Protein chains: 2
Amino acid sequence: MTAHFVNDPAALVPEALDGLVGGAGPSRLARLDGYPDIKVVLRADWDRADQGRDRVAVVSGGGAGHEPAHAGFVGPGLLTAAVSGEVFASPSVDAVLAALLAVTGEAGCLLVVKNYTGDRLNFGLAAERARAAGLRVEMVVVGDDIAIPDTPAPRGLAGTLLVHKVAGALAQSGAPLDQVAGAARRVAAGVRSLGISTSGADIPGRRSEQRFVDGNAELGLGIHGEPGVETFALGRDAEIVDRMAAALTDALPDGGESGVAGGDVVLLLNTLGGLAPLEALVVVRDLLATPLGQRARLLIGPAALMTSMSMRGFSVSALAVDDELARALLANCAAWTTWPGARELGSHDRLRVLPVPTLREAGKVLASEDTAVRAALTAVTGALIDAEQALNALDAKVGDGDTGSTFAAAARRVLSELDVLPLADRSALFARLSELLGSAMGGSSGVLLSILFAAAGSVGSAGSTGSTGSVGSAGDDAPLADALAAGADAVQRHGGAGEGDRTMLDALLPAVRALRDGGAAAAAAAARSGADATGSMEQARAGRAAYVGGQHLRGVVDPGAEAVAIAFAAAAAHR
Amino acid sequence: MTAHFVNDPAALVPEALDGLVGGAGPSRLARLDGYPDIKVVLRADWDRADQGRDRVAVVSGGGAGHEPAHAGFVGPGLLTAAVSGEVFASPSVDAVLAALLAVTGEAGCLLVVKNYTGDRLNFGLAAERARAAGLRVEMVVVGDDIAIPDTPAPRGLAGTLLVHKVAGALAQSGAPLDQVAGAARRVAAGVRSLGISTSGADIPGRRSEQRFVDGNAELGLGIHGEPGVETFALGRDAEIVDRMAAALTDALPDGGESGVAGGDVVLLLNTLGGLAPLEALVVVRDLLATPLGQRARLLIGPAALMTSMSMRGFSVSALAVDDELARALLANCAAWTTWPGARELGSHDRLRVLPVPTLREAGKVLASEDTAVRAALTAVTGALIDAEQALNALDAKVGDGDTGSTFAAAARRVLSELDVLPLADRSALFARLSELLGSAMGGSSGVLLSILFAAAGSVGSAGSTGSTGSVGSAGDDAPLADALAAGADAVQRHGGAGEGDRTMLDALLPAVRALRDGGAAAAAAAARSGADATGSMEQARAGRAAYVGGQHLRGVVDPGAEAVAIAFAAAAAHR
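Calculation criteria
- Residues numbered from 1 in each chain as written.
- Chains lettered and ligands numbered in written order.
- Predicted model: local features only at pLDDT ≥ 70, side-chain atom pairs only at ≥ 80, totals over all residues.
- Heavy atoms only, no water.
- Salt bridge = Lys/Arg side-chain N within 4 Å of Asp/Glu carboxyl O.
- Helix = DSSP H or I, 4+ residues; strand = E, 2+ residues; numbered from the N terminus.
- Buried < 20%, exposed > 50% of the residue type's maximum accessible area, 1.4 Å probe, protein only.
- Contact = heavy atoms within 4.5 Å.
- Pairing = 2+ DSSP bridges.
- Axes fitted to C-alpha atoms, helices over the stretch in contact; angles between N-to-C directions.
- Parallel < 35°, antiparallel > 145°, perpendicular 65-115°, else oblique.
- Left-handed = near helix turned anticlockwise from the far one by under 90°.
- Buried area = accessible area lost by both parts, 1.4 Å probe.

Asker: I keep staring at the pattern of salt bridges and nothing clicks. Help me out?
Answerer: Two side chains bearing opposite charge may form a pair once their charged atoms approach each other closely. Scanning all chains against the criterion turns up 50 salt bridges over all chains. In this structure, Asp 145 of chain A engages Arg 155 of chain A in a salt bridge whose closest nitrogen and oxygen atoms are separated by 2.8 Å. In this pair, Asp 145 of chain A sits in the loop between β6 (137-142) and α4 (160-172) while Arg 155 of chain A sits in the loop between β6 and α4, placing the two residues ten residues apart along the sequence. Arg 155 of chain A matches Asp 145 of chain A in its accessibility class, with the two residues each being buried. Because the salt bridges share partners, they merge into one network encompassing Glu 128 and Arg 131 of chain A together with Asp 489 and Arg 493 of chain B.

Right under this line is the structure:
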């Protein structure tokens, strides 16, 4: 049996309603006493003189398992109260009557019922009794399902929510009962829905539905696990959505204020509880591309509103819409479950050009010459290319043996671009090196070195207050040290490693510190000594060596640190 | 392979983002050109002078499959832009950089990143490049997962959304970058999350995860289908939620403004995409009952915000909260996916007494005497009791053979109450008969007759303009006919059957019409003739006989109609 997050399946619905009422803010929701028979959630503010009683109450409900419908929609502008049965079972006459008595004032009450025999009879009898007790109660039955052709009793699906929303908005605005009921009947008469799923409804405490075969979908199924009218292997989403939209279009009532074809519609995309939100967005795309979708003035969803436990499916509801209905559908409301809101659609420019030209512009600095920098870069890249095999051999002891090739490939790329680099502008040069290393060098080390030069390059750029200057100028190494320190700092921040973690930082950080005061030679010496020290670090805390046991690391210098030492040595030797 | 609502799995993410952007209202969302590599959704109004550029931009993103995170949260008060990778894969450096360049103005940009190596490096490099290009970019990395003890790199989970919300609110209010980044870092440093699921993440185009055994749950799993740190048979929800809450409490940073224990917290209940909303409410209940839940000042969710395709699970995030954070978490925002809002919790009276006493009060009419009514009721009930076997035999030909017993049981109950009925007050009598029939008579026919008398009783009650009067008074049968007509009308409305559908209405409706002008004898004759006519109706359109073939119905009178004819005959004979 599938695992469910419940305590006692028999207490499931009362416990869920307790969660809903308990998790609501102060003075938002209350429930009637009378568990387990009476499961009624109502607006806690309904007795306040400015909120309720003098307005029409809107009450709905039905079996549980469709949450957030209906209790999740109790709030100003939507439902005044919701009556819940057990999972997929109608509430009792007494429960419905209790709700009616609890919220109906002089202005009367509209009762919205989904078209199932049990609901119709129990809600109907409660309405008659409430009337006999002197209350003004109107009832509207919603049967929006189009799955079963020519049935005299189409089922109530998510289209019911549009009835709630319109009735709730009118009631909140102070409209009288006949107007609220009239609008609700108009929506109920006009709305059409169709559902599809690739799984059944899985109910806590009952055996899972085994009807579904992997890869199959059922079209036209109900919200209680009733089998669909058609089962097939699910193909492209656009095809099935096209079919559904065409069927809905055919089923929309002819004529009316909005015209036969081409009139505005509101579309409601309701997910059944277990559809991945990513897939729901694909359905939106495909739905809006259909002829029906092109007529959509308003879109509600995708959202899990009238669910069937956690079925992996959705339903689409369509309703011809005019200004009056649109206003009601767009009106503010404040239920526990945030009503997803109706979005007005319309054509607008949805595509923005890439800022890449701006970026290229920024990077398109002119090549410039600096012989000292050229010599330094040539020396460093040459040394790394020469060290390819040695570094690979070192890496083979603790990793996958490609550190030498990775660095050599990057070095070759830099060498090949030497004539078009802005050698005389350190910030621009480092920015360009960042780009080259990011694209020419694989793995995390490529990204990290790219980060190093990007950060180093921004020292002295417009984003910083540092001074710009040549890379290799003899004499004052402080600006270069500042830039590299900023780079090393960025590597630590983004890579998450620090000194002593057995990475290239163990050579880089001492070298950068030594560079400021002691110049290139001191930096090279510090890098060498830092790299050598990694041979005695038996615990790597970053990079791939983190997964290698200490006994394999003993005496082996970290190949990244070694590469850094080689580079600093070459730079110093050239000066 | 599980069926999914997609077209081409390779185009899944761009198509989903097209659905999101296409389904947004005018001037709400746009995307950058550059599919499939660049998948960036941004606020379409960001270039408007009053909306953007002079404010701090807030950018986030990561792999897809977590929708609505992150593109669904682009909008005023939340994210300025979102960068999406493929399913569960980090976006490229270029994509992140494009987003930064597209939205960052003088006020700078905050980049919010979940703590995964790929995201950290790619977003980090993009941030460095953007800085090198002169932009002010701050980055905050969120690692809120507490599943893996003592890991140096905890994963980023749904707690990231609290960072978005706080940063987005401050940015929208016009706060400068250091303040926005400072608040974001404070949230990132303080938030802790833990996840649980009973299923893996099912990705379109890939084989389903087979790791999960029915009935089992994994605690401490990631949002990419990474295995949990513990697997067990799922027990009571309250127990597992208790454990999770205790672990979160232990993991919350000590001290700080909110104090160690007992300080206010915000709780975020995030569902992973496939959890039944009904179960999520049980989790709310159980969570609020824990010591951590008792400290909750704000509750966000349950809502599917940071999903993992359609995993059947949830995560809980906790963060110590003070007035400043609470303000930011409660601030208005307007993303595509409706932000569920934070609800302020607090004690209030959540239980309302049942209105049943009112109801009982209304029904507690005094017994009264009317000898004519007493005689009529005695005659009718006696006739129905006498007809028990005959009606059962009739029903056995087209149904389950219990119509006679059903009517007889109801008749016996009415007889037994005769001395306490308000015989002299027709409205009150019918209301009481409705109650008796509703409880003493099983099945749909009991509810329908209960509806009949409830509606008949409300003619002449406070809810109606009709006159009250005695039931059996000789002479003017019009008021009684009006009442019964209203009752028959209600039966038609709620039951969905009409004349000619082979139900008791075929006797009842002609009888009620005849009663007004011709009196009791005419009514009895009409009921008899109506009942007899059902014998030639070969298609039942309501009730259980609707499932019986026409050849079985031919010549058999509908037992319900027969019972009505017997009742009217007895009433007429007595006069």
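Moving on from the coordinates now.
Asker: Explanation requested: the side chain of Ser 450 of chain A in the structure shown.
Answerer: Positionally, Ser 450 of chain A belongs in helix α15 (residues 443-458). Ignoring sequence-local partners within four residues, the contact set of Ser 450 of chain A consists of Ser 434, Leu 437 and Gly 438 of chain A together with Leu 125 and Arg 129 of chain B.

Asker: How do you make sense of the pairing of strand β8 (residues 216-219) of chain B when you look at a structure like this?
Answerer: Remark: a regular strand shows side chains that alternate across the two faces of the sheet. Residue and element names in this part refer to chain B. Side-chain alternation along β8 places Asn 216 and Glu 218 on one buried face and Ala 217 and Leu 219 on a second face that is also buried. For strand β7 (residues 192-197) and β8, the ladder comprises two bridges, and the chain directions are antiparallel. Across the sheet, the residue bridging to Ser 197 is Glu 218, located in β8. Bridging between β8 and strand β9 (residues 230-233) involves four bridges; their strand directions are antiparallel.

Asker: I'm lost on the packing of helix α6 (residues 237-251) of chain A against helix α7 (residues 277-288) of chain A in this one. Help?
Answerer: Packed helices, taken two at a time, are described by the angle between their axes plus the distance between the axes. Residues and elements named next belong to chain A. Two elements in contact, α6 and α7, have axes whose closest approach is 9 Å; the angle formed by their N-to-C orientations is 55°. Here α6 lies oblique to α7, going by the angle between them. Along this stretch, α6 crosses α7, giving a crossing that reads as right-handed. Of the residues in α7, those in contact with Asp 237, Ala 238 and Val 241 of α6 are Val 282, Val 283, Asp 286 and Leu 287.

Asker: For this particular structure, what's the right way to read the interface of chain B and chain A?
Answerer: Contact residues are listed per partner, giving 119 residues for chain B and 119 residues for chain A. Buried area between chain B and chain A, summed over both chains or domains, comes out near 9,900 Å², and the portion from carbon and sulfur atoms is 65%. Considering only the side of chain B, the residues that lose the most area to chain A are Phe 5, Leu 278 and Arg 352 of chain B, jointly responsible for 10% of the buried surface there. Of the charged contacts, one joins Arg 493 of chain B and Glu 128 of chain A as a salt bridge, the two residues approaching to 3.4 Å between their closest N and O atoms.

Asker: Could you clarify how one ought to interpret the sheet that holds strand β12 (residues 313-320) of chain A in this entry?
Answerer: Backbone-to-backbone hydrogen bonds pair the strands of a sheet. The strands run either parallel or antiparallel. All names here are of chain A. Read across the sheet, seven strands follow the order β9-β8-β7-β12-β10-β11-β13 without closing on themselves; strand pairing throughout is mixed. Because the sheet does not close on itself, it has two edges, and the strands there are β9 (230-233) and β13 (342-344). Pairs of neighbouring strands in the sheet enclose a mean axial angle of 20°, with direction left out of account. Strand direction decides the pairing type here: strand β11 (residues 296-303) and β13, joined by three bridges, are antiparallel. Across the sheet, Leu 298 pairs through a bridge with Glu 344, a residue of β13. Across the sheet, helix α9 (residues 323-330) is in contact with β10 (265-271), β11, β12 and β13; its angle to β11 comes to roughly 30°.

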